[in-house]
Amino acid sequence: MSSTDFPPLKNDLILRACRGESIERVPIWIMRQAGRYLPEYKTISSQHSFFEVCRTPSLACEVTLQPVRRFDLDAAIIFSDILVIPQALGMQVDMVANEGPCFPQPLKVPDDITKQIDRTRKASVELKYVYEAITLTRRTLDGQCPLIGFSGAPWTLMSYMIEGKASATMSKAKRWLYSYEKESHDLLNLLANFVIDHLVEQIAAGAQLVQLFESHCSCLTPDLFNRFSFTYLCQIAKGVREELSKRQLPSVPFIVFAKDAHYGLQDLAATGLFDVISLDWTITSTCIQSLRNENSKIVLQGNLDPCALYSSKENLEKFVREMLQVFGTKKYIANLGHGIYPDMSTDNVKWFIDAVHEISKEMNDSNEEKA
Ligand code: CP3
């Protein structure tokens, strides 16, 4: 079997939703579905460090499959992290228990870029383990559902590389945007080109959709977003398409998640560069309607407040019903508005997934009767 021969797909709901086709029920996957809320993940992470799991294709494959075995999900997402990119470029990143990612030597001044980043590094070499994990996982999934690849977007990566850890204000990273504008663009451009290669390699290895995570928009102004995020999101979407066509690889649906960029969503939709726009839970139904009007082809993803998973099953069902009424059942992928938290109940996760399937099917059946 060559690396591009994969088992036939048994569930292509999410791909059909991306093409705007009529589907029997709304597809669903959950951001951070492979992770610490699963006891079987905790078992693996008690035996191996986080980056060891990322770097070992058989372990990354196992963790990717865990949620898909347990729940009726319509997509799997490869187990990895956005911060494998700064690592691949030469920076040290540690995953500190109960704290999250930590860079012992973050970038302080622009001169640190040359000192700490090796521009000669290639994604195809440094991140080969991700691509091997994708090929192995796609085979092991045996067509159960499509596999999603992903990357962090340049501004989110740059802000981690400067802040060194999570930050409420991002003031160190924002200082760069205001005081070292040229050097910030140089770094963002370098990251954007690396992200293009990383996404193309994931698609070449078997990823059937890709998602770009721009998680740190809450601290940007609309103007900063335009100049330092939007530009690079577009550069990546264009660059990936061009590279795929050069390499004669098939195009796959491109999902962009610009969390908290409510001020930039209309512009993102209007570019026509993204197949799917993923929304956080702050987005109003009016905004959702105008996104649909702005670009009739656009597919929307989201956006249940993850904390809604703390509610009773009865209320959760009500929230799902409301969400489906706002988004409709076409050109829509159900998800949370951000990643699931470690203390969430697997029981409620199952209830959420099944409710999306059942209620959307009910809605489709009753629409057919009316027609
Ligand atoms: O979605 C999935 O299940 C696939 C795997 C995945 C992880 N991280 C695994 C992970 C994905 C898609 C990510 C993306 C990611 N990583 C983002 C973008 C999405 C978002 O949440 O905004 C960001 C900002 C990161 C950086 C990162 N990695 C943080 C902030 C943390 C610690 C806090 C947290 O949310 O878990 C991580 C660690 C991490 N990445 C864990 C997992 C399962 C937990 C590690 C552990 O303690 O075992």
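Computed from a prediction, not measured in an experiment: that's the story for all the values here.

Parameters at a glance
Residues numbered from 1 in each chain as written. Predicted model: local features only at pLDDT ≥ 70, side-chain atom pairs only at ≥ 80, totals over all residues. Heavy atoms only, no water. Helix = DSSP H or I, 4+ residues; strand = E, 2+ residues; numbered from the N terminus. Rg over C-alpha atoms; globule rule 2.2 N^0.38 Å. Buried < 20%, exposed > 50% of the residue type's maximum accessible area, 1.4 Å probe, protein only. Axes fitted to C-alpha atoms, helices over the stretch in contact; angles between N-to-C directions. Left-handed = near helix turned anticlockwise from the far one by under 90°. Contact = heavy atoms within 4.5 Å. Nonpolar A, V, L, I, M, F, W, Y, C, P; charged D, E, K, R; others polar. UniProt positions renumbered as here; feature names shortened; annotations may be inferred. Near = heavy atom within 4 Å. Polar contact = N/O pair within 3.5 Å; in protein donor to acceptor, adjacent residues only side chain to side chain. Areas by Shrake-Rupley, 256 points an atom, 1.4 Å probe, with all protein chains shown as cover. Salt bridge = Lys/Arg side-chain N within 4 Å of Asp/Glu carboxyl O. Pairing = 2+ DSSP bridges.

1. Looking at the overall build of the protein chain
Then step 1. Counting secondary structure elements, the protein chain contains 16 helices and nine strands.
Then step 2. Over its C-alpha atoms the protein chain spans a radius of gyration of 20 Å, differing by no more than 12% from the 21 Å that the globule rule assigns to 371 residues.
Then step 3. Judged by the C-alpha coordinates and their principal axes, the protein chain covers about 65 × 45 × 45 Å.
Then step 4. Here the protein chain holds 371 residues, and the buried ones make up 58% of them.

2. Structural notes on the packing of helix H11 (residues 181–205) against helix H12 (residues 222–246)
Then step 1. At a closest axis distance of 9 Å, the pairing of H11 and H12 adopts a crossing angle of 35 degrees. The interaxial crossing formed by H11 with H12 has right-handed handedness. Every residue of H12 that contacts H11 at Glu181, Ser184, His185, Leu188, Asn189, Ala192, Asn193, Val195, Ile196, Leu199, Val200 and Ile203 is listed here: Arg227, Phe228, Tyr232, Gln235, Ile236, Gly239, Val240, Glu243 and Leu244.
Then step 2. Looking at the contact of H11 with H12, its residues break down into twelve nonpolar, six polar and three charged.

3. Considerations on the UniProt feature "domain: Uroporphyrinogen decarboxylase (URO-D)" (unreviewed entry) in the protein chain
Then step 1. Per the UniProt annotation, the sites labelled "domain: Uroporphyrinogen decarboxylase (URO-D)" (unreviewed entry) are residues 27–36 and 148–164.
Then step 2. Helix makes up 0% of residues 27–36 and strand makes up 0%, while its end C-alpha atoms are separated by 23 Å.
Then step 3. The straight-line gap between the two end C-alpha atoms of residues 148–164 is 27 Å; of that span, 59% is helix and 29% is strand.

4. Looking at unusual backbone geometry
Then step 1. A cis amide bond, omega -15 degrees, links glycine 302 with the succeeding residue asparagine 303.
Then step 2. Turning to its location among the elements, asparagine 303 is positioned in strand S8 (residues 299–304).
Then step 3. Its identity as a non-glycine residue notwithstanding, asparagine 98 has a phi of 65 degrees, on the positive side.
Then step 4. Tracing the backbone through its elements, the reader meets asparagine 98 in the loop between strand S2 (94–96) and strand S3 (100–102).

5. Describing the site of the ligand
Then step 1. Near the ligand, the surroundings consist of 21 residues, among which Arg36, Tyr41, Asp81, Ser215 and His338 are the closest.
Then step 2. A distance of 2.9 Å is found between an oxygen atom of the ligand and a backbone nitrogen or oxygen belonging to arginine 32.
Then step 3. Take tyrosine 41: an N or O atom from its side chain is 2.7 Å from an oxygen atom of the ligand.
Then step 4. Starting from 860 Å² of accessible surface for the ligand in isolation, the protein chains cover 86%.

6. What to know about the side chain of asparagine 335
Then step 1. Checked against the element boundaries, asparagine 335 lands in strand S9 (residues 332–336).
Then step 2. Residue asparagine 335 is classed as buried on the basis of its relative accessible area of 0%.
Then step 3. A polar side-chain atom of asparagine 335 sits 3.0 Å from the main-chain amide nitrogen of methionine 31.
Then step 4. What asparagine 335 contacts, discounting residues up to four positions off in sequence, is Trp29, Ile30, Met31, Gln301, Gly302, Asn303, Leu304, Met323 and Phe352.

7. Some points on the pattern of salt bridges
Then step 1. Inspection of every chain in the model, using the stated rule, returns 22 salt bridges.
Then step 2. Arginine 16 is paired through a salt bridge with aspartate 12; the nearest N and O atoms lie 2.9 Å apart.
Then step 3. What makes arginine 16 buried here is its relative accessible area of 17%.
Then step 4. According to the relative accessible area criterion, aspartate 12 is partly exposed, its value standing at 27%.
Then step 5. Close ionic contact of glutamate 243 with lysine 246 constitutes a salt bridge, the shortest N to O distance being 3.5 Å. In this pair, glutamate 243 and lysine 246 are both assigned in helix H12, three residues apart and thus about one turn of the helix distant.
Then step 6. The exposure class assigned to lysine 246 is exposed, which follows from its relative accessible area of 65%.

8. A few points about the sheet that holds S8
Then step 1. Ordered by their spatial adjacency, seven strands build an open sheet running S1-S4-S5-S6-S7-S8-S9, and the pairing between neighbours is parallel. Both outer strands of the open sheet, strand S1 (76–77) and S9, are each paired with one neighbouring strand and no more.
Then step 2. Strands strand S4 (147–152), strand S5 (209–214) and strand S6 (254–258) of the sheet are contacted by H11, whose axis makes an angle of about 170 degrees with S4.

9. Section: the environment of serine 171
Then step 1. Relative to the helices and strands, serine 171 is located in helix H10 (residues 171–179).
Then step 2. Its relative accessible area of 46% is what places serine 171 among the partly exposed residues.
Then step 3. The spacing of serine 171 and glycine 152 is 19 residues in sequence and 20 Å in space, taken between C-alpha atoms.

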